[in-house]
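Here's the letter readout for the chains.
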Amino acid sequence: MFTAIFSSVEAGFIYAIMALGVYLSFRILDFPDLTVDGSFVTGAAVASVLIINGTNPFIASAVALLAGFIAGCVTGLLHTKGKINPLLSGILMMIALYSINLRIMGRSNVPLLQQETVVTVLTEAWQKAGIDEAINRVISLQSFVPRTWAVLFCMALTVFIIKLLLDQLLKTEIGLALRATGDNKQMISSFSANPDLLTIFGLGLSNALVAFSGALVAQYGGFSDVGMGIGMIIIGLASVIIGEALFGARSVARATLAVIGGAIVYRIILALALRVQFLETSDVKLITALIVMLSLIVPNVLCSQKEKRRKKRRAQERERGEHVAGAQTDYKSV
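Please read all numbers here as calculations on a predicted model, not as lab measurements. (Residues numbered from 1 in each chain as written. Predicted model: local features only at pLDDT ≥ 70, side-chain atom pairs only at ≥ 80, totals over all residues. Heavy atoms only, no water.)

A. How the structure looks around the overall build of the chain. Counting its secondary structure elements, the chain contains 13 helices and two strands. Dimensions of the chain along its principal axes, counting C-alpha atoms only, are 100 × 60 × 40 Å. Counting the 334 residues in the chain, one finds 45% classified as buried. A separation of at least 24 residues holds for 77% of the contacts in the chain among residues at least 6 apart in sequence. As presented, the chain carries roughly 17,500 Å² of accessible surface, and 63% of it is formed by carbon and sulfur atoms. (Helix = DSSP H or I, 4+ residues; strand = E, 2+ residues; numbered from the N terminus. Buried < 20%, exposed > 50% of the residue type's maximum accessible area, 1.4 Å probe, protein only. Contact = heavy atoms within 4.5 Å. Areas by Shrake-Rupley, 256 points an atom, 1.4 Å probe, with all protein chains shown as cover.)

B. Here's a closer look at helix α8 (residues 173-183). G175, A177, L178, A180, T181 and G182 are the residues of α8 that are buried. Where the residues of α8 are buried, they touch α1 (2-28), α7 (150-169), α9 (185-190) and α10 (195-221).

C. Inspection of the layout of surface pockets at higher detail. Put simply, the largest pocket is a space of about 530 Å³. Lining the largest pocket we find 22 residues, and of these Y15, I235, R267, L270 and V284 sit closest to its centre. The greatest single-element share of the lining of the largest pocket, amounting to five residues, is contributed by α1. Its residues assigned to classes, the lining of the largest pocket comprises 15 nonpolar, five polar and two charged. (1 Å grid on protein atoms, 1.4 Å probe; cavity = no way out; pocket = protein on both sides within 12 Å on 5 of 7 lines; lining within 4 Å. Points joined across faces, edges and corners; volume = space filled by probe spheres on them. Nonpolar A, V, L, I, M, F, W, Y, C, P; charged D, E, K, R; others polar.)

D. Inspection of a nonpolar patch on the surface at higher detail. A cluster of nonpolar side chains, namely L286, L290, M293, L296, I297 and V301, defines an oily patch on the protein surface of about 530 Å² accessible area. Summarising the element assignment, M293 is placed in helix α13 (residues 284-333). On the accessibility criterion, M293 (47% relative accessible area) is partly exposed. (Patch = residues over 30% accessible without salt bridge, like charges linked within 9 Å, V, L, I, M, F, W, Y side chains within 5 Å. Salt bridge = Lys/Arg side-chain N within 4 Å of Asp/Glu carboxyl O.)

E. Up close: the packing of aromatic side chains. Enumeration over the complete set of coordinates arrives at six aromatic pairs. Between F6 and W149 the ring centres are 5.3 Å apart and the planes differ by 90°, which places this aromatic pair in the edge-to-face class. Linking F6 in helix α1 with W149 in the loop between α6 (131-138) and α7, this pair joins segments that are 143 residues apart in sequence. You'll find F6 and W149 in the same group, each marked buried. (Phe/Tyr/Trp six-rings, centres within 6.5 Å; stacked < 30°, edge-to-face > 60°.)

F. Seen up close, the pattern of salt bridges. A complete count under the given rule lists four salt bridges for this structure. The closest approach of N and O atoms between R27 and E244, which form a salt bridge, is 2.9 Å. Taken together, the positions of R27 in helix α1 and E244 in helix α11 (residues 232-247) put the pair 217 residues apart, joining distant regions of the chain. Judged by relative accessible area, which is 43%, R27 ranks as partly exposed. Residues E307 and R310 are paired through a salt bridge, measuring 2.3 Å at the closest nitrogen-oxygen approach. Of this pair, E307 and R310 are both found in helix α13, three residues apart, which corresponds to roughly one turn of the helix.

G. Highlighting a positive patch on the surface. Where like charges cluster on the molecular surface, the positive patch consists of K306, R309, K311, R313, R314 and R318. Take R314: it is sitting in helix α13. (Lys, Arg positive; Asp, Glu negative; His and termini not counted. Charge placed at Lys NZ, Arg CZ, Asp CG, Glu CD.)

H. Fine view of unusual backbone geometry. A positive phi angle, near 55°, is found at D30, a position not held by glycine. Its place among the elements puts D30 in the loop between α1 and α2 (36-52). Here the phi dihedral of K83 falls at roughly 55°; this positive angle occurs in a residue that is not glycine. Residue classification places K83 among the exposed positions, given a relative accessible area of 66%.

I. Geometry of the environment of I131. Among the secondary structure elements, I131 is positioned in helix α6. Taking the C-alpha atoms as reference points, I131 and R318, separated by 187 residues in sequence, lie 65 Å from one another.

J. Layout of the packing of α8 against α10. The interhelical angle for the contact between α8 and α10, taken along N-to-C directions, is 100°, at an axis separation of 10 Å. In terms of orientation, α8 and α10 fall into the roughly perpendicular class. Across the interface between the two elements, I174, A177, L178 and T181 from α8 touch P195, L198, T199, F201 and G202 from α10. Looking at the contact of α8 with α10 residue by residue, the class counts come to six nonpolar, three polar and no charged. (Axes fitted to C-alpha atoms, helices over the stretch in contact; angles between N-to-C directions. Parallel < 35°, antiparallel > 145°, perpendicular 65-115°, else oblique.)

K. Spotlight on the side chain of T181. Examined against the element boundaries, T181 turns out to sit in helix α8. Of the residues examined, T181 reaches a relative accessible area of 3% and is grouped as buried. Look past the residues within four positions of T181 in its chain and what remains in contact with it is I188, P195, L198 and T199.

Right under this line is the structure:
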């Protein structure tokens, strides 16, 4: 039980980077970008091939981020310059990336189990420094002792650094222009800003985060596969929706924090659901769809019930006021 939850939190932090990218495209730019399913694999493919060819895993991850940025920019160009529907632009790029990813990998699956990756480097460094032993002495989990704390702490640190940088970006003039572009392109154009350029940049940044997450997931799982990005957009949306429902999104800083929390909660829910006897590993996509459905339906139901109670309370107050006014009128007439 503890092992499943611990692994879910580890994976949750890695997938949170992808969820932040989805938040940027869907919430900030209001752009339904389906490129995510392809750019996630692109990041994994680029990092895996570079690592196999002897490139430092940290440099390989950075190059994967750049590859995702290029993919996102192409989607933005298809929409802004090619005048293609936003949804169709993402679909076209996603389909194109499937073949591109196969070209990059050379085959459908690239194993990394015998290669030096970010995960192995961090794990070895922590074990040599004795950090794991020190943490285990401080944090006692009875019968459960994790293999290493390196992935959890380092990925958490990486995610929060990205979150803080993203928060700062969205507070700058460019960030405010990005947010305005998602709200009202006509308005931002009237201020002499270029909404097309902002859209291209925003989608590039979004897919850069997605590809970076894909590179880390491949190194965390020990392989990259051409089909590992299928349904990734749904996972990203689930993280965003769950986070906003649980933690709120009154400000950008709170919204990005909620997305991170949503990614972790999603992975924990998924891990617990798979422990149910009649569910199997092949049911992951079904479970994901159900989680997203519940995340969309439950808040709406609760909101409508709250609104009904508010209307009922107002009606009762109105009736009470009319009753008091009527009694005062009767008293005066007597």
